[in-house]
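Per-entry structural report
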Amino acid sequence: GQQLNQSPQSMFIQEGEDVSMNCTSSSIFNTWLWYKQDPGEGPVLLIALYKAGELTSNGRLTAQFGITRKDSFLNISASIPSDVGIYFCAGITSGTYKYIFGTGTRLKVLA
Amino acid sequence: ETGVTQTPRHLVMGMTNKKSLKCEQHLGHNAMYWYKQSAKKPLELMFVYNFKEQTENNSVPSRFSPECPNSSHLFLHLHTLQPEDSALYLCASSQEMASGNTIYFGEGSWLTVV
């Protein structure tokens, strides 16, 4: 079946540092979504990507849809304590409605 | 506020109880979903409804019974659950049930089965 590998699994960084995480797929995706989930809450959509090569920003967050359509990355610049949480990627192939989710990157920011 | 509201946020139930989770979306979407989130596992799709019609039952045990009375409301009826069913249950919606449609999640219902 389709698999989506997300890395790293967890990160501890200092406040102010930049963060990068990525997802790779065994299949070609035509949509990538990035979510953040705070403890005890549901995932909140951060960025949606719809075509290969697309680079989209949302404040300090930037995400890119890989050229091969099998990967995507999310960067967070100048991290702050409220960036703490779990970041998920999700991808979907053409002709289906089932998103595949990554296992998440757990981010902790040290003040 | 994502436009998808779930109640209750927390539920503790015994294995012989019958309870229900409720979801309401205010986004005008036509597709609604139930996902299960367990520790250290990817989100698992349980059920999909499109225009109130169930289009997916992802091999979910019959002790979970969904109901979709209209495009804005979705229920998950729970009966004779097992402790391993304890998890975060997430409701979600999208404009259409098709690739390229963004999924918006509710806050989740934490279920503990004792």
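These numbers come from a predicted model, not from an experiment.

Further remarks concern the overall build of chain A. A tally of helices and strands in chain A yields zero helices and 11 strands. The order of α-helices and β-strands along chain A, N terminus first, is β-β-β-β-β-β-β-β-β-β-β. For 111 residues, the compact-globule formula gives about 13 Å, and the C-alpha radius of gyration of chain A, at 13 Å, lands near that figure. Expressed as lengths along the three principal axes of its C-alpha atoms, the size of chain A is roughly 45 × 25 × 20 Å. Counting every position in chain A, which comprises 111 residues, the buried fraction comes to 48%. When contacts within chain A are restricted to residue pairs at least 6 apart in sequence, those whose partners lie at least 24 apart make up 54%. When the accessible surface of chain A is split by element, carbon and sulfur atoms take 51% of a total near 5,100 Å². Computed over 8 positive and 8 negative side-chain charges, the inter-centroid distance for chain A is 11 Å.

On to the sheet that holds strand β8 (residues 71–76) of chain A. Residue and element names in this part refer to chain A. One open sheet accounts for five strands, arranged β1-β3-β8-β7-β6; its pairing is antiparallel. Here the strands that pair on one side only, and so sit at the sheet edges, are β1 (4–7) and β6 (55–58). For this sheet, the mean inter-axis angle between neighbouring strands, taken without regard to orientation, is 15 degrees. Bridge analysis of β1 against strand β3 (residues 19–25) gives four bridges, and the strand direction is antiparallel. When the bridges of β3 are listed, Leu 4 appears paired with Ser 25.

Linking two cysteines covalently through their sulfur atoms gives a disulfide. Residue and element names in this part refer to chain A. Taken as a whole, this structure holds two disulfides over all chains when the rule is applied. Here Cys 23 pairs with Cys 89 through a disulfide, and the sulfurs are 1.9 Å apart. Torsion about the S-S bond of the Cys 23 and Cys 89 cystine: about -95 degrees, corresponding to left-handed handedness. You can see Cys 23 sitting in strand β3 and its partner Cys 89 sitting in strand β9 (residues 85–92), a full 66 residues away along the chain. Since its relative accessible area comes to 0%, Cys 23 is described here as buried.

Conventions adopted
Residues numbered from 1 in each chain as written. Chains lettered and ligands numbered in written order. Predicted model: local features only at pLDDT ≥ 70, side-chain atom pairs only at ≥ 80, totals over all residues. Heavy atoms only, no water. Helix = DSSP H or I, 4+ residues; strand = E, 2+ residues; numbered from the N terminus. Rg over C-alpha atoms; globule rule 2.2 N^0.38 Å. Buried < 20%, exposed > 50% of the residue type's maximum accessible area, 1.4 Å probe, protein only. Contact = heavy atoms within 4.5 Å. Areas by Shrake-Rupley, 256 points an atom, 1.4 Å probe, with all protein chains shown as cover. Lys, Arg positive; Asp, Glu negative; His and termini not counted. Charge placed at Lys NZ, Arg CZ, Asp CG, Glu CD. Pairing = 2+ DSSP bridges. Axes fitted to C-alpha atoms, helices over the stretch in contact; angles between N-to-C directions. Disulfide = S-S within 2.5 Å.

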